[in-house]
There are 2 protein chains.
Amino acid sequence: MKMSNMLISTLREVPAEAEIDSHKLMLRAGMIRKMAAGVYNYLPLGLKVLKKVEDIVREEMNAASAQEFLASAIIPAELWQESGRWDAYGAEMFRLKDRGERDFCLGPTHEEVFTDIARNEIKSYKQLPVNLYQIQTKYRDERRPRFGVMRSREFIMKDAYSFDKNQEGLDLAYDKMHDAYVEIFNRCGLDAKCVAADSGAIGGSNSAEFMVKSEVGEDDVVFCIQCDYAANIEKATSKLEEVEKEERMEIEKIATPNSRGIDEISEFLNISPKKTVKTLLYNIDGKIVAVFVRGDREVNEVKVANASNASGDIEMASHEEYIHAAGCDIGFAGPIGIKADLTLVDEEVKNMYNFVAGANETGYHIKNVNYGRDFEGTIGDFRKVIEGEKCPVCGGKITIARGTEVGHIFKLGTKYSEAMNANFIDEDGKEKPFIMGCYGIGVTRTMASIIEQHHDENGIVWPLSVAPYHVSVIPVNVKDEEQTKVANELYEELISMGIEALLDDRNERAGVKFKDSELMGIPMRVTVGKKIGDGEVEFKLRDGEMEVIKIGDVSNMVKDQFEKSNLKLR
Amino acid sequence: MKMSNMLISTLREVPAEAEIDSHKLMLRAGMIRKMAAGVYNYLPLGLKVLKKVEDIVREEMNAASAQEFLASAIIPAELWQESGRWDAYGAEMFRLKDRGERDFCLGPTHEEVFTDIARNEIKSYKQLPVNLYQIQTKYRDERRPRFGVMRSREFIMKDAYSFDKNQEGLDLAYDKMHDAYVEIFNRCGLDAKCVAADSGAIGGSNSAEFMVKSEVGEDDVVFCIQCDYAANIEKATSKLEEVEKEERMEIEKIATPNSRGIDEISEFLNISPKKTVKTLLYNIDGKIVAVFVRGDREVNEVKVANASNASGDIEMASHEEYIHAAGCDIGFAGPIGIKADLTLVDEEVKNMYNFVAGANETGYHIKNVNYGRDFEGTIGDFRKVIEGEKCPVCGGKITIARGTEVGHIFKLGTKYSEAMNANFIDEDGKEKPFIMGCYGIGVTRTMASIIEQHHDENGIVWPLSVAPYHVSVIPVNVKDEEQTKVANELYEELISMGIEALLDDRNERAGVKFKDSELMGIPMRVTVGKKIGDGEVEFKLRDGEMEVIKIGDVSNMVKDQFEKSNLKLR
């Protein structure tokens, strides 16, 4: 592309609307423009990158034997009513009516649509397994759209849905998608970690997120600094601390009239909070659930919700319910004799000796409590992991970072196929619901995340695989006939090799051209200046040093970069 | 693609919902499925063709120096209010509100959006000319969606918008788009005629439609059977018949008490309707417009509306208005002495001698009326062209056929740039509105139109350029190891050449495989059967005879077809 023919929309100033680097740079480089809050137009430069990311996604999905579909964005309400999500989805769903007053939504996701496709098109186990995907525009009316295309209301997503006849098939499909995602993010030059995620009441290792570390991420992600362990904070666990064995002593009730919280009781008794146990009471779907964790711990409510098969968000017990369950005022509840429908005991508590807990009597605590001897309950992991704990896999140190989700793989099982009566005839002649998985990649968000990971103070530093153009050829002075001639020849040579080259033939100062090239993140720059008298030009990688090379060596230098990036020239 | 891995959705029966061949075949071949009235999902086979049509459009648009954008489908109401179309667009526009109760629409077209982009990004004449396009999903809530993707409510369109500093620039941009469209439809194997179209009150040759002849088309198109002349019925004209010269006679009032219509008066006076003139009275924006055409003619109301600068649809004068203008009962109005705000006289009437017309007196007509001597008015073309008339260009015979519009090119001028204050600084330092053009192609409709023109009783007959797959390789008996081996080798050879091949490795009867291949319209078929004993296979073009050829000749036979179709192998 000759830049004199190109609508160039680079901005020197940082737009006020942008908070994060990728958003600022996408605006400044002329990749996107805002149409409304969370709604963007893609300018040619942005669209070129978007198409490259899409193509990488498409190639890897095809390589994983998935088949590309394209569903409508408009979806009739009836499908969502079948699955029960028409009402459940809430304000995040854009809804509209047609001229006949029929209800539709703009698809925020397509489980219902693809379950419908499968029940219409797939009759027999012989047609399974099948994995259907699309790269399509999605709509979510976010409460707070932010950060450009990182959290927008109209965005492009790759969503895939697998259909299998049994659990083994689903496990295989899920693993294939995992591997494809690793490959996709690698090829995009994105350092994305696969993180075990909570998958609600279904339980098991049924869901993983691909997270990119980002200061502006929406989620806390737990990483081991030593091994590959990574998990969503809601799912993360830690290695239990070793506890020194003690002799179990007799329980002893002690008056603690002014000590309600863990800090107060530790101070009053002059013991570590690690020698106390905290009691929390929840009302979960009308049942009282008592949770016990070590005194210095926080309860992980998602884990509690899962263990309680909660239908939705959980809430703390009311003051009244607390008094009824514990028989005392707030601050004095404890494990011995509490009246709860379910008792959840963190595994760490099981290992403790002679700890202090509430006595279920106002003004009193009990010393030397021991699990098993003094009380029992359901043992499990109910605590929040904190920075500096030990990795459950290797024992290394755990760190917590903010992250952005760029992909999600999920074993759905029969949730949608049962609700929507989507069945096939199995080998035994019986009708069975499809075993489903779903797999998403935020394509536009991936593009923004690449910029978050690849930029400097001068602009974007695209990985070659997704760069809008590979090389910019810059004649320093377009009024110099010789420079223009050499630049043109180099440009034509690169184009003929299948390289996407830019020729900056604008009548601008070289400095302006360099700045635009750096801002747009073009990986290689060839500057054609006075040195052509010696048969030389300047070659510079976007993130490297300038070299003076022979004109005849340009094409090989460019080829080398393709080889280093494992990219084929077309 | 191996067909055993493919979700095949061919249907043997003709779906009841489909009325026209392309719709039936897209359903039967497994290209599309209906999601709601006028809303379709694309199955893999349909999507593959769609992408090929898109790629052809993209290549030709890029070759014409247009730059690809991607605008949002959601558009804020404010932009449409600026242009005045928010209210004007009516029920065809899908409207919705976001969670903050802000009004949006789903873009039915994008003039406003691209005018907004231009006014933000283009400041100077130096940046002009610019042509911006996108291939994007559009939404129109059609009153009567029909014929599958031919007239649907969610569809894919290529829309382009050109911005120029003057009329010459626009003329050039328009001509470039015309040429690109000719190339696009040619490459798609579509016989599309460029037809002069009415462009409303703007007048002039500012608009053309690319029409495909189709029995189910929505428009009447006038073609010359001898030359290239073609026009929308609303715009079409014809060569005037030669009239034998007569001596002008004195006018004569005659009593015609029972003869009101042209048929009655012709019969009563025993003359040809061609010797009479018909009077029609309209109320156009509150003014009375009298129109005179030869007695056997129909009035073309679009031409009348344009000549009257009508703001919208026009309507016949009321009975009262008729009496007031003509001073008589309906059936007796005529040109002499009629009280009208505007008098439009068809050019054919000007050439007539001694004709009969109403007397503007109930029960009377006048003989020997002559234009110029007895009345005057604005001369122009106000008649409807009919089958069998003479071509205005070459005098050949005119024929009228139904057609479907697949493309439209349109000189907008400053309609949107003035309404939306979209200006640039011209060479003289003055602010001027952009001179705009807009150019659309119905991509999904083009796909359906190709099928309308390329099918037979067994299915689709794809042109090679847009075929979902080029060749299907069919082993007759997959249980025969030798057949399977040869078929696999041929398949792999074709794939390695960059051919998109299908291997029908399903355990089905050969007849089933042939039927599917024909239904899906695969251009070439290689059948691997018992003749492999003699080193031979069968080669058949979709619309040709079967030939027995040597196994080693398959690749050359396939290459020949690419050459014949002017297609390059990748």
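Given the structure is predicted, the values throughout are model-derived calculations rather than measurements.

Quick notes on the rules
- Residues numbered from 1 in each chain as written.
- Chains lettered and ligands numbered in written order.
- Predicted model: local features only at pLDDT ≥ 70, side-chain atom pairs only at ≥ 80, totals over all residues.
- Heavy atoms only, no water.
- Helix = DSSP H or I, 4+ residues; strand = E, 2+ residues; numbered from the N terminus.
- Contact = heavy atoms within 4.5 Å.
- Lys, Arg positive; Asp, Glu negative; His and termini not counted.
- Charge placed at Lys NZ, Arg CZ, Asp CG, Glu CD.
- Buried < 20%, exposed > 50% of the residue type's maximum accessible area, 1.4 Å probe, protein only.
- Polar contact = N/O pair within 3.5 Å; in protein donor to acceptor, adjacent residues only side chain to side chain.
- Disulfide = S-S within 2.5 Å.
- Pairing = 2+ DSSP bridges.
- Axes fitted to C-alpha atoms, helices over the stretch in contact; angles between N-to-C directions.
- Salt bridge = Lys/Arg side-chain N within 4 Å of Asp/Glu carboxyl O.
- Nonpolar A, V, L, I, M, F, W, Y, C, P; charged D, E, K, R; others polar.
- Least-squares fit on C-alpha atoms with pLDDT ≥ 70 in both.
- Phe/Tyr/Trp six-rings, centres within 6.5 Å; stacked < 30°, edge-to-face > 60°.
- pLDDT = per-residue confidence, 0-100.
- Parallel < 35°, antiparallel > 145°, perpendicular 65-115°, else oblique.

(A) Examining the overall build of chain A more closely. Per the secondary structure count, chain A includes 15 helices and 31 strands. In chain A, the proportion of contacts linking residues at least 24 apart, taken out of those at least 6 apart, comes to 68%. Averaged over its 74 positive side-chain charges, chain A has a centre that lies 2 Å from the centre of its 98 negative ones.

(B) A look at the side chain of E500 of chain B. Residues and elements named next belong to chain B. For E500, the position within the fold is in the loop between α13 (481-496) and β28 (501-503). What makes E500 buried here is its relative accessible area of 16%. A distance of 2.8 Å separates polar atoms of two side chains, one belonging to E500 and the other to K48. A polar side-chain atom of E500 sits 2.5 Å from a polar atom in the side chain of K52.

(C) Main features of the state of the cysteines. Residue and element names in this part refer to chain A. This structure, assessed with the given rule, holds 0 disulfides over all chains. C105 takes part in no disulfide bond, and the closest cysteine sulfur, belonging to C438, lies 16 Å away. There is no disulfide at C438, and the cysteine sulfur nearest it, in C194, is 14 Å away.

(D) Focus on the sheet that holds strand β6 (residues 103-106) of chain B. All names here are of chain B. The strand order β4-β6-β5 describes an open sheet built from 3 strands, whose pairing is antiparallel. The sheet is open, and its two edges are formed by β4 (74-76) and β5 (95-97), each paired on a single side. If you compare each strand with its neighbour and ignore which way they point, the axes differ by 40° on average. Bridging between β4 and β6 involves 3 bridges; their strand directions are antiparallel. Looking across to β6, one finds that P76 is bridged to F104.

(E) Fine view of the pairing of strand β8 (residues 154-164) of chain A. All names here are of chain A. In terms of residue burial, β8 counts as a mostly covered element, since 11 of its 11 residues are buried. Residues E154, I156, K158, A160, S162 and D164 of β8 are buried on one face, and the alternating residues F155, M157, D159, Y161 and F163, pointing to the opposite face, are buried as well. Alignment of strand β7 (residues 130-139) against β8, held across 10 bridges, turns out to be antiparallel. Within β8, the position partnered with Y139 by the bridge is E154. Where β8 and strand β24 (residues 435-442) come together, 8 bridges link them in antiparallel fashion.

(F) Spotlight on the interface of chain B and chain A. Contact with chain B, which involves 54 residues of that partner, is made by 54 residues of chain A. Run the count over chain B and chain A and you get 4 salt bridges. Here D98 of chain B makes a salt bridge to R153 of chain A, at a shortest N to O gap of 3.0 Å. Between chain B and chain A we count 20 residue pairs in polar contact (both at pLDDT 80 or more) in total. The element best represented in the side of chain B that touches chain A is helix α2 (residues 44-63) of chain B, accounting for 5 residues. A class-by-class count of the residues in the side of chain B that touches chain A yields 32 nonpolar, 6 polar and 16 charged.

(G) Region of the structure containing the relation of the copies chain B and chain A. Superposing chain B onto chain A takes a rotation of 180° plus a shift of 0.1 Å along the axis, which leaves an RMSD of 0.2 Å. The superposition of one copy onto the other is thereby described by a two-fold rotation axis. In terms of proximity to the rotation axis, the leading residue of chain B is L96 of chain B, whose C-alpha is 2.7 Å off the axis. Comparing interface residues between copies, 100% of those in chain B also lie at the interface in chain A; the contact surface is shared.

(H) Inspection of the sheet that holds strand β13 (residues 252-255) of chain B at higher detail. Residue and element names in this part refer to chain B. A sheet is described by the order of its strands in space; here 3 strands give the open sequence β13-β19-β18, paired in antiparallel fashion. The open sheet terminates on both sides in strands that have one partner only, identified here as β13 and β18 (355-358). Going from strand to strand, the sheet's axes swing by 30° on average, the running direction of each strand aside. By the bridge criterion, 4 bridges tie β13 to strand β19 (residues 364-369) in an arrangement that is antiparallel. Bridged to E252 within β19 is K367.

(I) Up close: the packing of aromatic side chains. Residue and element names in this part refer to chain A. Here the structure, examined in full by the defined rule, presents 22 aromatic pairs over all chains. Considering the side-chain rings of F163 and F434, the 5.5 Å spacing of their centres and the 80° angle between planes classify their relative orientation as edge-to-face. Taken together, the positions of F163 in strand β8 and F434 in the loop between β23 (431-433) and β24 put the pair 271 residues apart, joining distant regions of the chain. For the pair formed by F163 and F434, the shared burial category is buried. Taking 5.2 Å as the distance between ring centres and 85° as the angle between the ring planes, the aromatic pair formed by Y371 and F375 counts as edge-to-face.

(J) Looking closely at the confidence of the model for chain A. Predicted confidence across chain A gives a mean pLDDT of 94, with 98% of residues reaching 70 or more. Taken together, the stretch residues 200-204 of chain A has pLDDT below 50 and engages in 8 contacts with residues farther than four places along the chain or on a different chain.

(K) Representation of the packing of α2 of chain B against helix α12 (residues 443-453) of chain B. Residue and element names in this part refer to chain B. Viewed as axis vectors pointing N to C, α2 and α12 meet at an angle of 110°, and their least axial separation amounts to 10 Å. As far as their axial angle goes, α12 and α2 are roughly perpendicular. Residues G46, V49, L50, V53 and E54 of α2 touch α12, and the partners they reach there are V443, T444, T446, M447 and I450. Partitioned by chemical class, the residues of the contact of α2 with α12 number 6 nonpolar, 3 polar and 1 charged.

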